[in-house]
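A look at the structure
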Amino acid sequence: QKRRRRPGPGFTLPGFAEHYGLPIGMIRRAVKNGEITTVAFGGRNLITPSEAERICQLFSLKARDGPESDS
């Protein structure tokens, strides 16, 4: 399976969804509704580390265990 989390600042939308075990559609809807703030970088929308932390605290999310887990 393709690894979605790459080293560097922020998460791609699919990478964030996979890292926290959430459906990608839910993440895209939240971005579209303005509930999650992204930044455009290199032609991609990224969720910054501070925004990811805010989302995790808000919804009590924990990273999934796995080789790409940073926690």
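Above this text sits the structure in question.
Residues numbered from 1 in each chain as written. Predicted model: local features only at pLDDT ≥ 70, side-chain atom pairs only at ≥ 80, totals over all residues. Heavy atoms only, no water.

Here's the deal with the packing of aromatic side chains
Enumeration over the complete set of coordinates arrives at three aromatic pairs. Residues F11 and F16 carry aromatic rings whose centres are separated by 5.6 Å and whose planes lie at 80° to one another, so their mutual orientation is edge-to-face. A residue is classified by how much of its surface remains accessible, and F16, at 0% relative accessible area, is buried. Grouped by ring-pair contacts, the aromatic residues F11, F16 and Y20 constitute a single cluster. (Phe/Tyr/Trp six-rings, centres within 6.5 Å; stacked < 30°, edge-to-face > 60°. Buried < 20%, exposed > 50% of the residue type's maximum accessible area, 1.4 Å probe, protein only.)

Some remarks on the pattern of salt bridges
Throughout the structure, instances matching the rule amount to one salt bridge. A salt bridge links R54 to E51; its shortest N-O distance comes to 2.7 Å. One end of the pair is R54 and the other is E51, both in helix α3 (residues 49-59) and three residues apart, which spans about a single turn. We classify R54 as partly exposed; its relative accessible area is 36%. (Salt bridge = Lys/Arg side-chain N within 4 Å of Asp/Glu carboxyl O. Helix = DSSP H or I, 4+ residues; strand = E, 2+ residues; numbered from the N terminus.)

Quick word on the nonpolar core
If you look at the biggest cluster of nonpolar residues, it comprises 14 residues, and the most contacted ones within it are F11, F16, Y20, I27, I36 and I47. Taken together, the elements giving at least two residues each to this core come down to α1 (13-20), α2 (24-32) and α3. Examining the composition of this core, we find that four residues originate from one element, α1, more than from any other. Discounting chain neighbours no more than four positions away, the residues touching F16 are F11, L22, I27, I47, A52 and I55. (Core = buried A, V, L, I, M, F, W, Y, C linked by side-chain atoms within 4.5 Å. Contact = heavy atoms within 4.5 Å.)

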